[in-house]
Amino acid sequence: MHLSRDEERVLAGEQGPGMQRAMELLVALGRIYDADRLIPITSAHLSGVSFKTIGDGGLDFLEDMSKDARVKVLTTLNPAGMDRSRWAEMGVEESFAQKQMAIINAYERMGVTANCTCTPYITGNSPKPGEAVAWAESSALSFVNSILGARTNREGGPGALAAAIIGKTPNYGLHLQENRRPTVVVEAEVLDEITDYSLLGHVVGQKLGAAVPYFKGIRPDSNGLKIMAAAMAASGSVAVFHVQGVTPNSLDQDLKGLERVHFDHVDVKKAKESLTTGKDPDLIAVGCPHLSQMEMKMLASMLDGKRPRSDSPEVWFCTSRTVRTWCPKETAALERFGKVVCDTCMIVAPIESRHRCTATNSAKACNYLPSLCSQKVVCGSYAELMERIA
Amino acid sequence: MMLHGRGISKGLVEGELLLLQQPFSFLGGVDPKSGLLSGSSGAEGQDITDKAFAFPWGKGSTVGSYTILQLRKEKRLPAAIINHRAETIVATGAVMADVPMVDRIDLSLLRNGDRVLVDGEKGTVDVLGVEGQSVVTSVLMNRGRVLVLKRSDKVSTCQRMWAGVSGYIEPGEEPRQTAVKEIIEETAINDAKLVREGPLLTIRQKNTIWVIHPFLFDSPTDQVTIDWEHTEYQWVLPSQTDQLVLVPGFKRLLGDLGI
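These figures come from a predicted structure and were not determined experimentally. (Residues numbered from 1 in each chain as written. Chains lettered and ligands numbered in written order. Predicted model: local features only at pLDDT ≥ 70, side-chain atom pairs only at ≥ 80, totals over all residues.)

1. Brief notes about the overall build of chain B
The criterion, for reference: A run of H or I in DSSP counts as a helix once it spans at least four residues, and a run of E counts as a strand once it spans at least two, with each numbered from the N terminus. Exposure criterion: with C-beta atoms placed from backbone coordinates, a residue whose C-beta has 20 or more other C-beta atoms within 10 Å is buried, one with 12 or fewer is exposed, and one in between is partly exposed.
Looking only at helices and strands, chain B features 5 helices and 16 strands. With respect to the principal axes defined by its C-alpha atoms, chain B has extents near 70 × 35 × 30 Å. Put simply, chain B has 259 residues, and 41% of those count as buried.

Below you can see the structure in the form of structure tokens.
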């Protein structure tokens, strides 16, 4: 990979150890993927926030970096292991909370906007079509690639942080047009329902792996796209996809000679059954990815005029702090039935200390809950889950 | 002998080699508190602390990068990492935790317990106490049959095994000159014609790494006069070589030469 004279100086440590380390990381990644050079980015989004995932080793690294490294572009942060103001209510231990706050503080010292959400594109970090960015968090980066039309690779947390500090990223992979073209046509027939889009995404990722799928026959709205992107990224590492007539440039793609596959409600039903491993949830959690304003409104209206069931398990509505602030009425309505939890979600919070079986409408969450949180899982639609509550 | 790969994470360090035959995930593959490998690594109970840790490539969760940082905190880091092919998770962890790392190394040339000097800047692995020997091996063909010779007890290596026409490349000699010279010495065939040259082949045998330059020659005759280096010879169909005890790597060399 070619480095400019200025970049060489950073690599030699002339701008301090934090920038040197960041440049070393970009150079290593650039070498591995045969990048020709570094290209400027306009924003970054970082994973590697929950103390549950990064541990003491990760915290030490971030505190070390935060001594002198600062981000050069708008940089946002993934969910943490707890709600910053309600962690005690969530059953989080104080020692965990202290480490978690230390991680967030280290990011903030580096100039990162600690919004702690996996949907930063809803609340202010919204790259424009064609812009190069460096995003971690598989669901968010797929949304940015596919729906916003910006360009990012599947960054890991440290790679995205390094790119934010340098303001550049190695030019390879999904920054190159040829790697963003569809590789398979998916003819889909499913209900226009959020959970069905999630399950469709799960099946497509599972069957096709790291493909670039081109969907025909569906017209999901932004909430359907958000949850479908998340499921596909989790089950199949899909980082970019197209939906005919919905995503940018979807009508300019050449589909000649591509393999065609078909998925319908039978596949969706089977996926739902296979993801369901439990029966009696002691936690119902929605908001993977974090709920949008529209979803908050929809859930509040579904519960309007109803009473909480006496046998309802604990309920979490996971969203970003910003969306919660935007939706005071809905928050009040939902809080009658459970907690509107911010900054975190059922995957990155240490729920395994208090819960055994979690119900959710997100196939991504269903995919990760058994391995990352030792949970049995019940997969259900919003309507089915709300029936257990009210 | 110095092996040349590609530098991924800087630093110069010497260590004892711990070699895994299969891809490795730091998350779940090693206990950060003790540095001991778990069952999923294929080398349960081995300690990676301060070792030159070699495995084909990294796999598994991206959390593996943080496991490497956790190893640093517990002072259980490997001294260096050597891969056949680097990927993001391990490379990221190595750079963050200051572990020298080199990739594009042929791990079949390494043995558990080797002392190695890893240079993450230059991208080299020096296998200490192991000599590199450059040799030629020529395969002669006559009407679809290949010439194999049985090595005598008087040669220094691979006695009584079947081989092609081989010899050390002397200082100042071009491999192709060596090949022609050895054919004349060992078979008395003076007019074999070079058909093609194969890609370099490296083979580890005890404390020697053989760097073999393979050549394919067409022989106009099947009349052979052997010298002291061999006790017998035969012209065989390529498929018949399976029935002979061959010198290491000979089968692969035939494949590389398109036979």
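2. As for the overall build of chain A
What counts, and what does not: With C-alpha atoms as the basis for the radius of gyration, the globule rule is written as 2.2 Å multiplied by the number of residues raised to the power 0.38.
Helices and strands together make up the secondary structure of chain A, namely 14 helices and 14 strands. Its C-alpha atoms give chain A a radius of gyration of 21 Å, within 12% of the compact-globule value 21 Å for 390 residues. Its C-alpha atoms put chain A at 65 × 55 × 35 Å along the principal axes. Residues classed as buried in chain A amount to 54% of the 390 residues present.

3. Points about the environment of alanine 52 of chain B
All names here are of chain B. Rules: C-beta atoms are first placed from the backbone for all residues, and any pair lying within 7 Å is then listed as a contact.
Mapped onto the elements, alanine 52 comes out in strand S4 (residues 52-55). Judged by C-beta crowding, with 26 C-beta atoms within 10 Å, alanine 52 ranks as buried. When near neighbours in sequence (up to four residues on either side) are disregarded, alanine 52 contacts Gly15, Glu16, Leu17, Ala79, Ala80, Ile82, Val116 and Val118.

4. A closer look at the sheet that holds strand S11 (residues 314-319) of chain A
Residue and element names in this part refer to chain A. Stated precisely, the cut-off is as follows: Strands are labelled as partners when DSSP assigns at least two bridges between them. Interaxial angles span 0 to 180 degrees and are taken between N-to-C directions of axes, which are lines fitted to C-alpha atoms, for helices over the stretch in contact.
A sheet is described by the order of its strands in space; here 5 strands give the open sequence S12-S11-S10-S13-S14, paired in parallel fashion. Where the open sheet ends on each side, the last strands, each with one partner, are strand S12 (339-342) and strand S14 (376-379). Going across the sheet, the axis of each strand differs from the next one's by a mean of 30 degrees, ignoring polarity. Summarising the sheet, strand S10 (residues 283-291) and S11 pair through 5 bridges and their orientation is parallel. Counted as the bridge partner of leucine 291 is threonine 319 from S11.

5. Some points on the interface of chain B and chain A
For clarity, the threshold we go by: Under the scheme applied, nonpolar residues are Ala, Val, Leu, Ile, Met, Phe, Trp, Tyr, Cys and Pro; charged residues are Asp, Glu, Lys and Arg; polar residues are all the others, including Gly.
Residue-level contacts link 19 residues of chain B with 17 residues of chain A. For the side of chain B that touches chain A, the elements supplying multiple residues, two or more each, are strand S2 (6-9), helix H2 (64-73) and helix H3 (88-96) of chain B. Split into classes, the residues belonging to the side of chain B that touches chain A amount to 9 nonpolar, 6 polar and 4 charged.

6. Observations concerning the sheet that holds S4 of chain B
All names here are of chain B. Sheet architecture is open: 8 strands sit in the order S1-S8-S7-S3-S4-S5-S6-S2, paired in mixed fashion. Sheet topology places strand S1 (2-4) and S2 at the edges, where each strand pairs with a single neighbour. Neighbour to neighbour, the strand axes of the sheet diverge by 30 degrees on average, direction disregarded. In the sheet, S4 pairs with strand S5 (residues 80-83) via 4 bridges, with the strands oriented parallel. Bridge assignment links phenylalanine 55 to a residue of S5, and that residue is asparagine 83. Contacts between H3 and the sheet are confined to S2, S5 and strand S6 (101-103), with S2 contributing the most and set at about 65 degrees to the helix.

7. Looking at the domain arrangement of chain B
Cut-off, in case you're wondering: These domain limits were set by an automatic method or by a database of domain assignments.
Here the domain parsing of chain B yields domain 1 (2-127) and domain 2 (131-256). Using C-alpha coordinates to define each centre, domain 1 of chain B is positioned 37 Å away from domain 2 of chain B.

8. Thoughts on the confidence of the model for chain B
Put simply, the rule is: Summary of the metric used: pLDDT quantifies the predictor's per-residue confidence within the range 0 to 100.
With 100% of its residues at a pLDDT of 70 or more, chain B shows a mean pLDDT of 96. Two numbers describe this predicted complex: its pTM, 0.89, and its ipTM, 0.85.

9. Quick look at the domain arrangement of chain A
All names here are of chain A. The domain boundaries assigned to chain A delineate domain 1 (5-177), domain 2 (181-273) and domain 3 (276-389). The C-alpha-based centres of domain 1 and domain 3 are spaced at 27 Å. At the interface, 22 residues of domain 1 touch 19 residues of domain 3. Split by residue class, the side of domain 1 that touches domain 3 holds 9 nonpolar, 9 polar and 4 charged.

10. Thoughts on the packing of helix H2 (residues 17-32) of chain A against helix H6 (residues 157-166) of chain A
The description of two helices packed together rests on the angle between their axes and the distance between the axes. Residue and element names in this part refer to chain A. Defined as follows: Each angle is binned into one of four classes, with values under 35 degrees roughly parallel, values over 145 roughly antiparallel, values of 65 to 115 roughly perpendicular, and all other values oblique. If you view the pair so one helix is near and one far, a crossing is left-handed when the near helix is turned anticlockwise from the far one by less than a right angle, and right-handed when it is turned clockwise.
Packing of H2 against H6 brings their axes to within 9 Å, and their N-to-C directions diverge by 120 degrees. It follows that H2 is oblique to H6 by the angle criterion. The chirality of how H2 crosses H6 is left-handed. From H2, Gly18, Met19, Ala22, Met23, Leu25, Leu26 and Leu29 reach across to H6, where they touch Pro158, Gly159, Ala162, Ala163, Ile165 and Ile166. In terms of residue class, the contact of H2 with H6 is made up of 11 nonpolar, 2 polar and no charged.

11. A look at H3 of chain B
Residues and elements named next belong to chain B. The buried count for H3 comes to 9 of 9 residues, which makes it a mostly enclosed element. Along H3, the residues that are buried comprise Thr88, Ile89, Val90, Ala91, Thr92, Gly93, Ala94, Val95 and Met96. After H3 finishes, the residue aspartate 98 shows a positive phi value of roughly 65 degrees.

12. As for H2 of chain A
All names here are of chain A. Rule in force here: The span one expects for a helix is its residue count, reduced by one, times 1.5 Å.
In this model, H2 (16 residues) spans 22 Å end to end at C-alpha, consistent with the 22 Å of a helix rising 1.5 Å per residue. In terms of burial, H2 is a largely internal element, 12 of the 16 residues being buried. Buried residues of H2: Met19, Arg21, Ala22, Met23, Glu24, Leu25, Leu26, Val27, Ala28, Leu29, Gly30 and Ile32, and no others. In the segment just after H2, aspartate 34 is the residue with positive phi, at about 55 degrees.

13. Focus: the pairing of S11 of chain A
Residue and element names in this part refer to chain A. The criterion, for reference: The handedness of a crossover follows from its direction of travel: if, with the strands pointing away from the viewer, the path from the first strand over the helix to the second runs clockwise, the crossover is right-handed.
Of all 6 residues in S11, 5 are buried; the element is thus mostly enclosed. The β-α-β motif built from S10, the intervening helix H10 (residues 293-302) and the parallel element S11 has right-handed crossover chirality. Across 4 bridges, the pairing between S11 and S12 is parallel. Paired with tryptophan 316 across the bridge in S12 is lysine 339.

14. Topic: the packing of H2 of chain A against H3 of chain B
The geometry of H2 of chain A relative to H3 of chain B is characterised by a closest axis approach of 9 Å and an angle of 155 degrees between their N-to-C directions. When the axis of H2 of chain A is compared with that of H3 of chain B, the two are roughly antiparallel. Here H2 of chain A and H3 of chain B pass one another in a crossing that is right-handed. Contact residues: Glu24, Leu25, Ala28, Leu29 and Ile32 of chain A in H2 of chain A; Thr88, Ala91, Thr92 and Val95 of chain B in H3 of chain B. Broken down by class, the residue content of the contact of H2 of chain A with H3 of chain B amounts to 6 nonpolar, 2 polar and 1 charged.

15. Considerations on the environment of valine 243 of chain A
Within the secondary structure, valine 243 of chain A sits in strand S8 (residues 242-243). C-alpha separation for the pair valine 243 of chain A and proline 281 of chain A, spaced 38 residues apart in sequence, amounts to 34 Å.

16. Some details on unusual backbone geometry
Residue proline 289 of chain A is reached from cysteine 288 of chain A by a cis peptide bond, and omega for that bond is -5 degrees. Tracing the backbone shows proline 289 of chain A in strand S10. For arginine 160 of chain B, which is not glycine, the phi torsion reads 65 degrees and is therefore positive. Here arginine 160 of chain B is to be found in the loop between strand S10 (145-151) and strand S11 (162-163). Despite not being glycine, alanine 188 of chain B has its phi angle at roughly 65 degrees, a positive value. Positionally, alanine 188 of chain B belongs in the loop between helix H4 (175-187) and strand S13 (193-197). In this structure alanine 188 of chain B comes out as partly exposed when scored by C-beta crowding, with 13 C-beta atoms within 10 Å.

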